[in-house]
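Below, each chain spelled out in residue letters.
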Amino acid sequence: MSKVYQTLPANDGFRMPGEHETQQEVWMAWPVRTDNWRYGAKLAQKAFADVAIAIAQQTPVVMLVNHDQFDYARTLLPDHIQVVEMSYNDCWMRDIGATYLLDDQQQRRGVSWQFNAWGGLVDGLYFPWDLDNTVANKMLNLTQDGGYQAPFVLEGGSIHCDGEGTVYTTEECLLHPSRNPDMTKTQIEQQLRDYLGVKTVIWLPRGLYNDETNGHVDNIMHVVKPGEVALTWCEDPSDPQYEISREAFDILSSQPDAQGRTIKVHKLPMPGPLFMSEEEAQGIDQSEGMEREAGERLAASYANFLISNQQVIFPLLDAENDIKAQAVLENAFPEHTVVGVSAREILLGGGNIHCITQQVPKV
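Just so it is clear, the structure is predicted and the values come from calculations on it, not from any experiment.

Cut-off values and rules
Residues numbered from 1 in each chain as written. Predicted model: local features only at pLDDT ≥ 70, side-chain atom pairs only at ≥ 80, totals over all residues. Heavy atoms only, no water. Pairing = 2+ DSSP bridges. Helix = DSSP H or I, 4+ residues; strand = E, 2+ residues; numbered from the N terminus. Right-handed = clockwise from strand over helix to strand, strands pointing away. Buried < 20%, exposed > 50% of the residue type's maximum accessible area, 1.4 Å probe, protein only. Core = buried A, V, L, I, M, F, W, Y, C linked by side-chain atoms within 4.5 Å. Contact = heavy atoms within 4.5 Å. Salt bridge = Lys/Arg side-chain N within 4 Å of Asp/Glu carboxyl O.

A. Local environment of the pairing of strand E4 (residues 82–85). Of the pairings in the sheet, the one linking strand E3 (residues 61–65) to E4 comprises 4 bridges and is parallel in character. The partner of Leu-64 across the bridge, within E4, is Val-84. For the crossover from E3 across helix H2 (residues 70–76) to E4, the handedness is right-handed.

This is how it looks when you write it as structure tokens:
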């Protein structure tokens, strides 16, 4: 069992590194839920495999798979992708996996957050979520890193760190009554400082329109590097996203980061708007928590990409805007190879490439 520290990461000199920093590996989990992934998750599994293969061009990938799918996943994935048997409820590795920290001596530890399926009994997407809540600690055991057990509910997709003292998040998610209703905004800020080693918290009011995670920050914006972000941008004044994006832009443009920099904002076009089709909805087993009906607006965003070593892996979602998004990303990441992966099947499950990955920084 990896060591569990009773201290606070910030007091121990640890900080969450930025995604642009060097990574040892990226972890994912195999999709299986038939009430979230259509046609027995077979199409989603192909999309997850494509993402894993793209990442593995630069960074080793570890794929978690539950026992009854293990042999199938092993045959579908190339040999250089490691497949590890583990139990979980669904496959959103960003939110159920450990968040890794580094100190100045290049030692690594991790944080296991409390997970309640994006809302617990208030508006969570499924029940139970007990297996998901054990994944982070198992992950820390396998990477052989000590860790901290955070005493509050948080998902990895609700925070973006720049590695230099700034964390970005949304009020819509972290202040939602389904997360930590007994904590004030000030108390939540202090917990972020304590567990992520940050100095400055930049709060966007809202996340992407109709995002069932209560507005995760990683679906509306992404840290490019310290002092620079990419933000989902909508040009249509009649679209609900129009006002949300401008609100976010105003805050990002007016609030300095932890180092006193004015934040540079790259505007990423918005795909669509995209909607679930009749045929897509028919392939899903209906359940209580998740809205999976024909005509449902999908929370589609090019900001939901992954930076991994010298690559940016982004979702291809809308032929009309994919090329524009790629051009913005290539401009923002001149030193990186920008790789698009067809990702509508991931989007149909409620997230995208950033949501299904969790990086382990290199020591």
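B. Summary view of the environment of Asn-331. Along the chain, Asn-331 turns up in helix H10 (residues 319–332). On the basis of relative accessible area, Asn-331 is assigned to the exposed category, the value being 56%. Note: C-alpha distance between Asn-331 and His-266 (65 residues apart in sequence) is 8.9 Å.

C. Looking closely at the nonpolar core. Core analysis: the largest hydrophobic core is formed by 79 residues, its most contacted members being Met-28, Leu-64, Leu-77, Leu-268 and Phe-305. Looking at which element gives the most residues to this core, the answer is helix H1 (residues 42–55), with 8 residues. Beyond its immediate stretch of four places on either side in the chain, Phe-305 contacts Glu-19, His-222, Ala-230, Leu-268, Val-312, Ile-313, Phe-314, Pro-315, Leu-329, Phe-333 and His-354.

D. Here's a closer look at the pairing of strand E16 (residues 337–342). In this structure, strand E15 (residues 311–316) lies alongside E16, joined through 6 bridges in parallel fashion. Bridge pairing in E16 places Ile-313 opposite Val-339. A crossover connection joins E15 to the parallel E16 through H10; in handedness this β-α-β unit is right-handed.

E. Just the pattern of salt bridges, in detail. For the coordinates displayed, the defined rule picks out 19 salt bridges. The residue Glu-164 makes a salt bridge to Arg-261 at a minimum N-O spacing of 2.9 Å. With Glu-164 in the loop between strand E8 (160–161) and strand E9 (166–170) and Arg-261 in the loop between helix H8 (240–254) and strand E13 (264–269), the pair connects residues that are 97 residues apart, well separated along the chain. According to the relative accessible area criterion, Glu-164 is partly exposed, its value standing at 34%. The shortest N-O distance in the salt bridge between Arg-206 and Glu-243 comes to 3.5 Å. Of this pair, Arg-206 sits in the loop between strand E10 (200–204) and strand E11 (221–225) while Glu-243 sits in helix H8, and the two are 37 residues apart along the sequence. Taking the relative accessible area as the measure of exposure, Glu-243 reaches 51% and is therefore exposed.

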